[in-house]
Amino acid sequence: MHVVERFASWAVDTRNKSLPPAVLHHARRAVLDWHAALYPGAAAPPATLLEKALAEELDRGEARLALGRKATVRAAALINATAAHTAELDDIFRDGIYHPGAPTIAAAHALAFGSSRFLRALITGYEISTRIAAAMGRAHYKYWHNTGTIGCFGAAAAAAEALGLDARRFAHALATAATFSAGLQQAFRMDSMSKPLHAGRAAEAGVTAALAAREGVTGSLDVMEGEAGYGRAMGDNPDWGRAMASLGSEFHITRMTFKNHACCGHTFAAIDGALALQKKFGIKPSEIEEVELATYRAGLEVAHYESPATPAEARFSLKYVVATGLTHGSVRLAAFEPERIQHPATRDLMKKIRVRLDPELDAAFPAQRAARVAIRARGRREEHLQPTRIGDPDAPLSDAQLEEKYLELAAPVIGERIAREELRRLWNLEA
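Residues numbered from 1 in each chain as written. Predicted model: local features only at pLDDT ≥ 70, side-chain atom pairs only at ≥ 80, totals over all residues. Heavy atoms only, no water.

Asker: I keep staring at the sheet that holds strand 5 (residues 371-377) and nothing clicks. Help me out?
Answerer: Two orientations exist for strands paired in a sheet by backbone hydrogen bonds: parallel and antiparallel. As summarised here, the arrangement of the 4 strands in space is 4-3-5-6, forming an open sheet in which the pairing is mixed. Pairing within the sheet leaves two strands with one partner each, and these edge strands are strand 4 (353-357) and strand 6 (380-386). Strand after strand, the sheet turns through a mean of 15° between neighbouring axes, direction not considered. Relative to strand 4, strand 3 (residues 288-295) runs parallel, the two sharing 5 bridges. What sits directly across from E292, in strand 4, is R354. (Pairing = 2+ DSSP bridges. Helix = DSSP H or I, 4+ residues; strand = E, 2+ residues; numbered from the N terminus. Axes fitted to C-alpha atoms, helices over the stretch in contact; angles between N-to-C directions.)

Laid out in structure tokens, this is it:
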């Protein structure tokens, strides 16, 4: 069997089997976190601009946008996934350098939200796409943005499951999604709106592939492993057998990272380490003489802005997010307001930050996301190794912390009362 056929066979074979309670609970956590990321993004560009651009596909159809507006299935998938990735608050599969929730849940939401198929659809999308992401690995991440390139598989699998496709059509949906795969890292190496659009396009592509497969559109079943296929063209000839070895016995959705900061995930260990060291040191920002940050290569290459001028640049500036965390105590949405970006104390502290590559931490990436932080103040120097990020599976946010994150982000957009009512419903999706 070809790779896409093996994935499809697993999905269909397990369709009517009970899922472990822990898997269902983690799926509900993922949905709650997706909504937390969705609302602030839905009220901002590029999602608001997409609503104008796709006006002909709105106010009709069976799907819904975040704030309740009717939409066609493909438009809803595109706009909601874009919104969920905009504020940089969506979940991460650490081993795959990949944000599965934004495209995968958007696809499942567009086709099956409110039905008994919804949770299983998104779980299927997570399990298939995270394995593809892990297999493609670091070689793929050199040029490609995994949330766009891998997210189309999560969306296609979720959509195929939501539609109840048989194994043959399911495989063709994945095969077609493979050739829709896109998303370049260069698209967010300058200030632009392209990065969240990667998640949106992945969701739309996956939904399109599944809808087409339902009607009989076929794809190249050897597209993943073929001589000119996905693995060779966009990666380093990955081991597909290893990628599927734990399928069905281990559920990756139980190992998601849920973000505790509203910025690039590569900066989190440095933020967490700096805040921990500041607390241990008992120092004010004005007392800091120098900050040294050492981390893995991707953290330095992606979060590279030295003097950010816009919210998008600030979210990808290692120096800025660490400095604003030390100055203000957190790195949530307020950190990216224009006046905060230019805050004098933060800007002064940024000048005192030095960054470098740590070969040991780089060798451990992507399975481990760590940072070494040193702060010199009051005539002495303290060091701290942050071995993981708060929110990673080995340092997870609790259910209560996820609720707090959701209410903080959703209430300003939809109102406190509605947010609390929805929170109750999201914990009881099966009902």
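Okay, back to it.
Asker: How do you make sense of the packing of helix 13 (residues 268-281) against helix 16 (residues 318-328) when you look at a structure like this?
Answerer: Each pair of packed helices gets described by two things: the angle between the helix axes and the distance between those axes. Between helix 13 and helix 16, whose axes approach to 9 Å, the crossing angle comes to 30°. Comparing their axes, helix 16 and helix 13 come out roughly parallel. Crossing of helix 13 against helix 16: the hand is right-handed. On helix 16, the residues that touch A270, I271, A274, L275 and Q278 of helix 13 are L318, V321, V322, G325 and L326. Per-class residue counts for the contact of helix 13 with helix 16 are 8 nonpolar, 2 polar and no charged. (Parallel < 35°, antiparallel > 145°, perpendicular 65-115°, else oblique. Left-handed = near helix turned anticlockwise from the far one by under 90°. Contact = heavy atoms within 4.5 Å. Nonpolar A, V, L, I, M, F, W, Y, C, P; charged D, E, K, R; others polar.)

Asker: What am I meant to see in helix 2 (residues 21-42) here?
Answerer: For helix 2, spanning 22 residues, the distance from its first C-alpha to its last is 31 Å, which sits close to the expected 32 Å at 1.5 Å a residue. Most of helix 2 sits out of view: 17 of its 22 residues are buried. (Expected span 1.5 Å × (residues − 1). Buried < 20%, exposed > 50% of the residue type's maximum accessible area, 1.4 Å probe, protein only.)

Asker: Help me understand the side chain of E313, please; the structure alone is not making it clear to me.
Answerer: Turning to its location among the elements, E313 is positioned in helix 15 (residues 311-315). Here E313 sits buried without a salt bridge, and the closest side chain of opposite charge, R347, lies 7.1 Å off (N-O distance). Within the structure, the side chain of E313 is placed 2.8 Å from the backbone nitrogen of A309, a separation counted as a polar contact. (Lys, Arg positive; Asp, Glu negative; His and termini not counted. Salt bridge = Lys/Arg side-chain N within 4 Å of Asp/Glu carboxyl O. Polar contact = N/O pair within 3.5 Å; in protein donor to acceptor, adjacent residues only side chain to side chain.)

Asker: Can you walk me through the pattern of salt bridges in this structure?
Answerer: Opposite charge on two side chains makes pairing possible when the charged atoms of those side chains draw close. One pass over the full model with this rule turns up 31 salt bridges. D399 is the salt-bridge partner of R29, the closest N and O atoms lying 2.6 Å from each other. Here the residue R29 occupies a position in helix 2, and D399 occupies one in helix 20 (residues 399-414), the gap between them amounting to 370 residues. Since its relative accessible area comes to 6%, R29 is described here as buried. E421 is the partner of R417 in a salt bridge, and the nearest nitrogen-oxygen pair spans 2.9 Å. With R417 and E421 both in helix 21 (residues 416-426) and 4 residues apart, this pair spans about one turn of that helix. Accessibility expressed as a relative area gives 56% for R417, which makes it exposed. One salt-bridge network, in which partners are shared between bridges, spans R94, R389, D392 and D394.

Asker: It is not clear to me how the nonpolar core should be interpreted in this structure. Could you clarify?
Answerer: Buried together is how nonpolar side chains tend to be arranged in soluble globular proteins. If you look at the biggest cluster of nonpolar residues, it comprises 138 residues, and the most contacted ones within it are L122, I132, M224, V322, I375 and Y406. Looking at which element gives the most residues to this core, the answer is helix 2, with 11 residues. With residues near it in sequence (within four places) discarded, L122 still touches A27, V31, T104, I105, A108, A158 and I253. F188, C264, V302 and Y305 belong to the second largest nonpolar core, which has 10 residues in total. (Core = buried A, V, L, I, M, F, W, Y, C linked by side-chain atoms within 4.5 Å.)

Asker: Any chance you could explain the side chain of R15 here in plain terms?
Answerer: With respect to the helices, strands and loops of the structure, R15 is situated in the loop between helix 1 (3-13) and helix 2. Within polar-contact distance, the side chain of R15 engages the side chain of E161 at 3.0 Å. Engagement of the side chain of R15 in a polar contact is seen with the backbone oxygen of L165, the distance being 2.9 Å. Beyond its immediate chain neighbours, meaning those up to four positions away, R15 contacts R120, A160, E161, G164, L165 and F170.

Asker: Looking at this structure, I do not really get the state of the cysteines. What am I missing?
Answerer: Two cysteines, two sulfur atoms, one covalent bond between them: this is a disulfide. Tallied over the full model, the rule gives 0 disulfides. Free of any disulfide, C263 has its nearest neighbouring cysteine sulfur in C264, separated by 7.1 Å. (Disulfide = S-S within 2.5 Å.)

Asker: What is the right way to read the pairing of strand 6 from this model?
Answerer: Across a regular strand the side chains alternate sides, sitting on one face of the sheet and then on the other. One ladder, built from 7 bridges, connects strand 5 with strand 6; its direction is antiparallel. Residue pairing across strands places V373 opposite H384, the latter belonging to strand 6.

Asker: Sorry, what's going on with the pairing of strand 1 (residues 58-64) here?
Answerer: With 3 bridges joining them, strand 1 and strand 2 (residues 70-71) adopt antiparallel strand pairing. Each bridged residue has a counterpart across the sheet, and for L58 the counterpart in strand 2 is A71. Linking strand 1 to strand 2, which pair antiparallel, is a turn of 5 residues; within it G68 sits at a positive phi near 100°.

Asker: So what exactly am I meant to see when it comes to the packing of aromatic side chains here?
Answerer: Throughout the structure, instances matching the rule amount to 5 aromatic pairs. Relative to F118, the ring of F113 has its centre 5.0 Å away and its plane inclined at 85°; by these criteria the two rings are edge-to-face. Ring geometry for F153 versus Y230: centroids 5.2 Å apart, planes at 90°, classification edge-to-face. Taken as a pair, F153 in helix 8 (residues 151-163) and Y230 in helix 11 (residues 230-234) lie far apart in primary sequence, 77 residues in all. Here F153 and Y230 have matching classes, each one buried. Lying over the aromatic face of F188, K195 brings its terminal NZ or CZ to 5.5 Å of the ring centre. (Phe/Tyr/Trp six-rings, centres within 6.5 Å; stacked < 30°, edge-to-face > 60°. Lys NZ or Arg CZ within 6 Å of the ring centre and 35° of its normal.)

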